[in-house]
Amino acid sequence: MARIPGRSRVPSAPESTGRRPQDRRERPEPGRRHGRHGQPRPRRRPWSALGTRSVAGQVFVLQVVIVLLLVLAVGVETVLQARNDTATEARNRSLAVAETYASSPGIVAALRSPDPTAILQPSAEKARMKAGVDFIVVLNTDSIRYTHPMPDRIGKKFVGNTAPALAGQSITEEVDGTIGHLVQAVVPVTDTDGTVVGMVSAGIRTSRVSDSAERQLPILIGSAAAALLLATGGAALVSRRLRRQTRGLGPSAMTRMYEHHDAVLHAVREGVLIIDGDGRLLLANDEAGRLLGLPPDAEGRQVTDLGLERRMTELLVSARPVTDEVIAAGDLLLAVNVRPTDRNGGPPGLVATLRDSTELRALSGKADVARGRLRLLYEAGMTIGTTLDVARTAQELADATVPGFADHVTVDLAEPVLRGEEPGPLTRMYRAGLGSILPDAPFYPVGEDVPLVPGTPRALALERGQPVTEDNLDEALNAWLEHDADRVGKVRTEGVHALLAVPLRARGVVLGIATFWRSQRREPFHEDDVWLGEELVNRAAVSIDNARRFTREHTMAVTLQHSLLPGGVPEQSALDVAYRYLPAQAGVGGDWFDVIPLPGARVALVVGDVVGHGVHAAATMGRLRTAVHNFASLDLPPDELLGLMDDLVNRIDQEQGAGEEAPITGATCLYAIYDPVSLRCTVARAGHLSPAVVRPDGTVDFPEVPAGPPLGLVGLPFETAELELAEGSKLVLYTDGLVEDRDRDIDVGLDLLRVTLAGTDRTPEQTCADVLAQLLPANPTDDIALLVARTLALPEDRVAEWDVPADPAAVREIRAVVARKLSDWDLDDLAFTTELILSELITNAIRYGLPPIRVRLIHDRTLICEVSDGSSTSPHLKYAASTDEGGRGLFLVAQFAERWGTRYTAEGKVIWAEQQLP
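Note that the coordinates shown come from a computational prediction; the quantities given were computed from them, not determined experimentally. (Residues numbered from 1 in each chain as written. Predicted model: local features only at pLDDT ≥ 70, side-chain atom pairs only at ≥ 80, totals over all residues. Heavy atoms only, no water.)

(A) Highlighting the overall build of the chain. The helix and strand inventory of the chain stands at 23 helices and 31 strands. Evaluated residue by residue, the chain yields a buried proportion of 44% over its 918 residues. Here the analysis covers contacts within the chain between residues at least 6 apart in sequence; of these, 60% occur between residues at least 24 apart. Summing over all exposed atoms, the chain offers an accessible surface of approximately 48,100 Å²; the carbon and sulfur share of this is 53%. (Helix = DSSP H or I, 4+ residues; strand = E, 2+ residues; numbered from the N terminus. Buried < 20%, exposed > 50% of the residue type's maximum accessible area, 1.4 Å probe, protein only. Contact = heavy atoms within 4.5 Å. Areas by Shrake-Rupley, 256 points an atom, 1.4 Å probe, with all protein chains shown as cover.)

What follows is the structure in structure tokens.
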């Protein structure tokens, strides 16, 4: 039974007194009000509604908690805002005072005077007292104080960040000083040409700035108390009224009551309708919706607007009692019972029950139809989803259902599905499949965008997520007229009269819609047809979704691989580089290449190949490429770098071997370092093909580079080969996918590569294009990486070298010749820092190193200073104490140089430092 609003008689739970409910009846007391049937009305205490076991009590508590939280939030926000205002005021005041004093007349002249303190100290103190700040300090460009409220601090280094001020920018910061938490500002003092000649810092303690929160606190507390009092009173009144309406039931009791109500209502095999006095449908259970074909939004609508049979509508509107009256509703015969609800003072309306009394239909011919449908399902299962192509699977659905199920079939997919993506709002559809009994179907062809017209059966099917049938297409075609009148005319000419639209759903996602049309078959789509169409579409949807997911994973793998490959060639002066990368058609692989600038104007070239395909190979490639970059930053020789890579690949194999996936079987790599000063290239390879060298005269050879084992076989050493490359030579690195294929042996591929590379007057870009045009297979089964680098030479006048005697007195002479060389290169601005860097490096080499000691300057994109000696001792930074006499050399080098580092050679080591050119 459905509960009638206003008529529910759910008794309150009896108290656990040990007596039965009927034993609790009492006689009416004199002077006490009684309810119906002589039952005494229970006395209620004014605050009984506050019990937290009832819904009313919980609502009351929730309202009070919300008010308390709001008051607390306002208080916190006020305090935070006051603190923020205090900090902002302190920043603004300190910055304004500092800027005002920095721009005051005469300050530039005072800073350049012999005794700036004597001039600036009185005026700074006078300005400080007038401005109401704690200090005004004038600094030189070395952050040494000229002024301070405490004279003993004058001449000492300023504590704070002065780098932005030295760059011409103002800065404010909060610090904890000896006088407390304060805000200080540092602004530059510039002369007329914008040169920073000094700095001014002003600071003020935040405690001196007034705090507005103290003034607002009494108002906040009073407002909060008033709001809490009003909210508590209002909540109590609302809770009392809510308690009367819920009869004191708690949430669990009310939830259990409504769960039982819904379970009984929708489980019975009788349709139940509740209609109010105005003829509006209040409730309909599932069975009533099925028997009457009610729309999903039927509840709340007038009965006359539901499209029911005329006789059924009259019975439900008249509100007269009816018992077992049989009414025809479509193909069903329904036994209808109607009872009014306004008896015994209830609300106006009625309750109607429906029972299907249709006799069993004749079963003749049903078996043949069922067998035909099963055969169609079987054949469709064999022909749909033969490939992992989204569009092909959609067309297979259309081919499998024409003419066995429909005269015409159209399959439309959301455009993101074709790219392997999750479909969003279905506002644009793509015609992916079309089947028809006619050679020229009157529908949009495959490959075109199909409009989704609101209000049409197709749009309704997508909105509801359920199949929709239409027996008379006149109204639906009228909605399509304004979008394509010519095509609507063709559809009508062919006599298309019925459709079945079924959404393509898989794993809870709507991928598109399949529409079945009938023109020669005169019968419409029945309920069994809807079931069959839905089954066919569901099978196709799973195949389409599998194809979509495959497309997405393939796209993700390609995207991952491209993101792990270099996006371009870094700037350097040693090589003119061009490259090509082509993934395999079957899937992404693990080929990669790199161009890595090294200290001393040198450049490293890398080509590698991870065994296998797919996301795992691409991810492993990314790990190896990152490792090569990290090891290259250590400036290791090629053989040592490959040794570290060998150990890394072995560890990756062991990690993967412990999981479910099969471990990778290894990787190959070639690592080469080219020096544009000496024109030498050092190469080592781990199971990779030897590089090709194109000499300036156009001849091609494959130099003998010792073949090391593939990466992952720990324990076997790697050897290097040193190549002499004249300026203009081309070094060609590649992976085996370029020269080896199923239809071509690797020796044939290498011979073809030699012939293609031969010749002169070709740029690296043109060389890449020619090589791929000649050697690219028709259907590549492996990735192809190609790197062509033409060697450049650093001009001799850009390199200077000197031998240094192991005598500290020689440092002065070296500084002088370096200064002259920098003047020749128009780098006088770097003379001071360069002399400082070389002095420290040469002194360290004389003191701690071994002869021979040499100095080399390289004028490239940066100024490179190198000091070499015969010792292999590695220098390191340290922070010297204030009492130490030394220990600050490398620290100064690190401060003045853009980068610095150490590399080891067969004769010892080289310490280098780079400076940016002005």
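(B) Fine view of a negative patch on the surface. The grouping of Glu740, Asp745, Asp747 and Asp751 at the surface amounts to a negative patch. Position of aspartate 745 among the secondary structure elements: in the loop between helix H18 (736-739) and helix H19 (746-757). Using a relative accessible area of 45% as the deciding quantity, one classes aspartate 745 as partly exposed. (Patch = residues over 30% accessible without salt bridge, like charges linked within 9 Å, V, L, I, M, F, W, Y side chains within 5 Å. Salt bridge = Lys/Arg side-chain N within 4 Å of Asp/Glu carboxyl O. Lys, Arg positive; Asp, Glu negative; His and termini not counted. Charge placed at Lys NZ, Arg CZ, Asp CG, Glu CD.)

(C) Broad picture of the sheet that holds strand E22 (residues 700-701). Reading across from one edge, E16-E26-E25-E21-E22 is the order of the five strands in this open sheet, with antiparallel pairing throughout. Looking at the sheet topology across the chains shown, the edges are occupied by strand E16 (575-582) and E22. Direction of pairing for E16 relative to strand E26 (residues 784-791): antiparallel, over a ladder of eight bridges. Residue pairing in the sheet places tyrosine 581 in a bridge with alanine 785 of E26. (Pairing = 2+ DSSP bridges.)

(D) Representation of H19. Between its first and last C-alpha atoms H19 spans 16 Å; for 12 residues at 1.5 Å apiece the expected length is 16 Å, and the two agree. Lining the buried residues of H19 we find strand E21 (692-694), E22, strand E25 (730-734), H18 and helix H20 (764-775). Two or three places before aspartate 747, at the opening of H19, aspartate 745 has a side-chain oxygen 3.1 Å from that residue's backbone nitrogen. (Expected span 1.5 Å × (residues − 1). Polar contact = N/O pair within 3.5 Å; in protein donor to acceptor, adjacent residues only side chain to side chain.)

(E) Fine view of the layout of surface pockets. Within this model, the second largest pocket holds a volume of roughly 2,100 Å³. Around the second largest pocket, the lining comprises 43 residues; the ones closest to its centre are Arg290, Gly293, Thr469, Glu527 and Val530. For the lining of the second largest pocket, the elements supplying multiple residues, two or more each, are helix H7 (286-292), helix H12 (457-464), strand E13 (468-470), helix H13 (474-481) and helix H15 (527-564). Broken down by class, the residue content of the lining of the second largest pocket amounts to 19 nonpolar, 11 polar and 13 charged. (1 Å grid on protein atoms, 1.4 Å probe; cavity = no way out; pocket = protein on both sides within 12 Å on 5 of 7 lines; lining within 4 Å. Points joined across faces, edges and corners; volume = space filled by probe spheres on them. Nonpolar A, V, L, I, M, F, W, Y, C, P; charged D, E, K, R; others polar.)

(F) How the structure looks around the pattern of salt bridges. Applying the stated criterion across every chain, the model contains 41 salt bridges. Its salt-bridge partner being aspartate 803, residue arginine 854 comes within 2.0 Å of it at the nearest N-O pair. With arginine 854 in strand E28 (residues 853-859) and aspartate 803 in strand E27 (residues 799-804), this residue pair connects regions lying 51 residues apart in the sequence. Since its relative accessible area comes to 29%, arginine 854 is described here as partly exposed.

(G) Seen up close, the packing of aromatic side chains. Within the structure shown, the criterion is met by five aromatic pairs. Seen from their ring centres, tryptophan 480 and tryptophan 517 are 6.2 Å apart, and the 45° between their planes marks the pair as tilted. Here tryptophan 480, found in helix H13, pairs with tryptophan 517, found in strand E15 (residues 509-518); they are 37 residues apart in sequence, far enough to count as distant. Each member of the pair tryptophan 480 and tryptophan 517 is classed as buried. One aromatic cluster is present, formed by Phe405, Phe516 and Phe525 through successive ring pairs. We note arginine 518 situated over the ring of phenylalanine 405; from NZ or CZ to the ring centre the distance is 5.8 Å. (Phe/Tyr/Trp six-rings, centres within 6.5 Å; stacked < 30°, edge-to-face > 60°. Lys NZ or Arg CZ within 6 Å of the ring centre and 35° of its normal.)

(H) Fine view of unusual backbone geometry. Here the bond from valine 402 into proline 403 is cis, since omega is 0°, no more than 30 degrees from zero. A cis amide bond, omega -5°, links proline 851 with the succeeding residue proline 852. With a phi close to 65°, serine 143 is a non-glycine residue in the positive phi region. Turning to its location among the elements, serine 143 is positioned in the loop between strand E1 (135-139) and helix H4 (163-166).

(I) Region of interest: the pairing of E28. Burial of E28 is extensive: six of the seven residues sit out of reach of the surface. Sheet topology note: the E27/E28 ladder contains six bridges and is antiparallel. Of the residues in E28, the one forming a bridge with valine 804 is isoleucine 853. Counted between consecutive antiparallel strands, the loop separating E28 from strand E29 (residues 862-869) contains two residues.

(J) Representation of the pairing of strand E7 (residues 322-329). As judged from the six bridges shared by E7 and strand E8 (residues 332-340), these two strands associate in the antiparallel manner. By the bridge assignment for E8, isoleucine 327 is matched with leucine 334. Between E7 and the antiparallel strand that follows it, E8, lie two residues; glycine 330 among them carries a positive phi value of about 65°.

(K) Inspection of the packing of H13 against helix H14 (residues 485-493) at higher detail. Direction vectors running N to C along H13 and H14 enclose 155°, while the axes themselves pass 8 Å from each other. Compared by their axis directions, H13 and H14 come out roughly antiparallel. Considering the relative orientation of H13 and H14, their crossing is left-handed. Where H13 abuts H14, its residues Asp474, Leu477, Asn478, Trp480 and Leu481 lie against Ala485, Val488, Val491 and Arg492. A breakdown of the residues in the contact of H13 with H14 according to their chemical character gives six nonpolar, one polar and two charged. (Axes fitted to C-alpha atoms, helices over the stretch in contact; angles between N-to-C directions. Parallel < 35°, antiparallel > 145°, perpendicular 65-115°, else oblique. Left-handed = near helix turned anticlockwise from the far one by under 90°.)

(L) Region of the structure containing the packing of H15 against helix H16 (residues 615-633). The geometry of H15 relative to H16 is characterised by a closest axis approach of 9 Å and an angle of 10° between their N-to-C directions. In terms of orientation, H15 lies roughly parallel with respect to H16. Across from Ala557, Leu560, Gln561 and Leu564 in H15, the residues of H16 making contact are Val615, Ala618, Ala619, Met621, Gly622 and Arg625. Partitioned by chemical class, the residues of the contact of H15 with H16 number seven nonpolar, two polar and one charged.

(M) Seen up close, the confidence of the model for the chain. Residues of the chain with pLDDT of at least 70 account for 85%, and the chain-wide mean is 80. Averaged over each element, pLDDT in the chain is lowest for helix H5 (residues 213-246) (68) and highest for E25 (95). Below pLDDT 50 for its whole length, residues 1-50 participates in 57 contacts with residues either more than four positions away or in separate chains. Note on residues 360-365: pLDDT is under 50 here. Beyond four places in sequence and across chains, it has two contacts. (pLDDT = per-residue confidence, 0-100.)

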